[in-house]
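Overview (structure and organization)
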Amino acid sequence: MLELDLRAYKCPQQFIQFKLGLREAISLNQAITFNISSEQNTDDIERYLQKKMYYYKLNKQQALLLVEPLRV
């Protein structure tokens, strides 16, 4: 499983780094965990995942976002 820390990034860099990490996970056919800041807005990321029909779990209390690369 891959892991990418997005806490150091502000939007729009956060979204760009998210997409680059997701692209790498897809190419390796692995799940990826993103570490996110609980203060940062993740609406853009969630909308993108929903639009592309990815399976994901967002845990705002632990500031973790788990994304499965295979679409449902």
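Below is a short write-up of the structure. It should be emphasised that the depicted structure is a prediction, and the values quoted were computed from it without experimental measurement. (Residues numbered from 1 in each chain as written. Predicted model: local features only at pLDDT ≥ 70, side-chain atom pairs only at ≥ 80, totals over all residues. Heavy atoms only, no water.)

Mapped onto the fold, Ile36 is located in the loop between strand S2 (32-35) and helix H2 (43-51). For the pair formed by Ile36 and Val67, sequence separation is 31 residues and the distance between their alpha carbons is 13 Å. (Helix = DSSP H or I, 4+ residues; strand = E, 2+ residues; numbered from the N terminus.)

With that out of the way, let us pick up the side chain of Gln14. With respect to the helices, strands and loops of the structure, Gln14 is situated in helix H1 (residues 13-28). The class for Gln14 is buried, based on a relative accessible area of 2%. A distance of 3.1 Å separates a polar atom in the side chain of Gln14 from a polar atom in the side chain of Gln40. Not counting residues up to four positions away in its chain, the partners in contact with Gln14 are Leu6, Tyr9, Ile36, Gln40, Asn41 and Ile45. (Buried < 20%, exposed > 50% of the residue type's maximum accessible area, 1.4 Å probe, protein only. Polar contact = N/O pair within 3.5 Å; in protein donor to acceptor, adjacent residues only side chain to side chain. Contact = heavy atoms within 4.5 Å.)

Evaluation of the coordinates by the stated rule reveals 4 aromatic pairs. For the ring pair Phe15 and Tyr48, a centre distance of 5.8 Å and an interplane angle of 85° mean the geometry is edge-to-face. With Phe15 in helix H1 and Tyr48 in helix H2, this pair connects stretches of sequence that are 33 residues apart. Residue Phe15 is classed as partly exposed on the basis of its relative accessible area, which comes to 21%. Between Phe18 and Phe34, the ring centres sit 5.0 Å apart and the planes meet at 55°, which makes this aromatic pair tilted. Of this pair, Phe18 sits in helix H1 while Phe34 is found in strand S2, placing the two residues 16 residues apart along the sequence. Here Phe18 falls in the buried class, since its relative accessible area comes to 0%. (Phe/Tyr/Trp six-rings, centres within 6.5 Å; stacked < 30°, edge-to-face > 60°.)

In this section: the packing of H1 against H2. At a minimum axis separation of 10 Å, H1 and H2 run at an interaxial angle of 35°. The handedness of the crossing between H1 and H2 is right-handed. Taking contact as the criterion, the partners of Gln14, Phe15, Phe18, Lys19 and Leu22 in H1 are, on H2, Asp44, Ile45, Tyr48 and Leu49. Class assignment for the residues of the contact of H1 with H2 results in 6 nonpolar, 1 polar and 2 charged. (Axes fitted to C-alpha atoms, helices over the stretch in contact; angles between N-to-C directions. Left-handed = near helix turned anticlockwise from the far one by under 90°. Nonpolar A, V, L, I, M, F, W, Y, C, P; charged D, E, K, R; others polar.)

Tracing the backbone shows Asn35 in strand S2. Judged by relative accessible area, which is 12%, Asn35 ranks as buried. A distance of 2.9 Å separates the side chain of Asn35 from the side chain of Glu3, its partner in a polar contact.

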